[in-house]
Amino acid sequence: MNKERLGDFIGSERKNLIAQRRKARGMSQGELASRLHVTDKAVSKWERGLSYPDVTLLEPLAAALDLTVEELMACRRQAAKGAEETMQSLLDIS
């Protein structure tokens, strides 16, 4: 995972899937932070590519944004896959 790429993925309003999904759900950074039990400053740092979410937050963050953990880690939406392909992709990423 690349911090800058993740930051672009989270923070860029033009091309950012996470920011778009967060905004589409009417969530502010503070509301997302509250759901994840982190500060809004932490969410801001993720969006600016200054830090990563803790590994324990990947699943709840993905769920809050209706993404898979794989999509979150790859920083892009993926076409629908079978469970076996998804597991292999996660293994490849790690």
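This section reports on the structure supplied with the text. (Residues numbered from 1 in each chain as written. Predicted model: local features only at pLDDT ≥ 70, side-chain atom pairs only at ≥ 80, totals over all residues. Heavy atoms only, no water.)

From N to C terminus, the chain includes 7 helices and 0 strands. Ordered by position from N to C terminus, the α and β elements of the chain give α-α-α-α-α-α-α. With 94 residues in all, the chain has 38% of them scored as buried. Considering only intrachain contacts with a sequence separation of at least 6, the fraction spanning at least 24 residues in the chain is 47%. On the chain, roughly 5800 Å² of surface is accessible, and the fraction owed to carbon and sulfur atoms is 50%. (Helix = DSSP H or I, 4+ residues; strand = E, 2+ residues; numbered from the N terminus. Buried < 20%, exposed > 50% of the residue type's maximum accessible area, 1.4 Å probe, protein only. Contact = heavy atoms within 4.5 Å. Areas by Shrake-Rupley, 256 points an atom, 1.4 Å probe, with all protein chains shown as cover.)

Let us look at the environment of Lys23. You can see Lys23 is positioned in helix 2 (residues 17-24). Each C-alpha atom of the pair Lys23 and Leu65 lies 9.7 Å from the other, and the pair is 42 residues apart in sequence.

Moving on: the nonpolar core. Inside soluble globular proteins, nonpolar side chains tend to come together where they are buried. Among the nonpolar cores identified, the biggest contains 15 residues, and Leu32, Leu36, Val43, Trp46, Leu61, Leu65 and Leu72 are the most heavily contacted of them. Among the elements that take part in this core, helix 5 (residues 58-64) stands out by supplying 4 residues, more than any other. Residues in contact with Leu36, not counting those within four places in the same chain, are Trp46, Leu57, Pro60 and Leu61. (Core = buried A, V, L, I, M, F, W, Y, C linked by side-chain atoms within 4.5 Å.)

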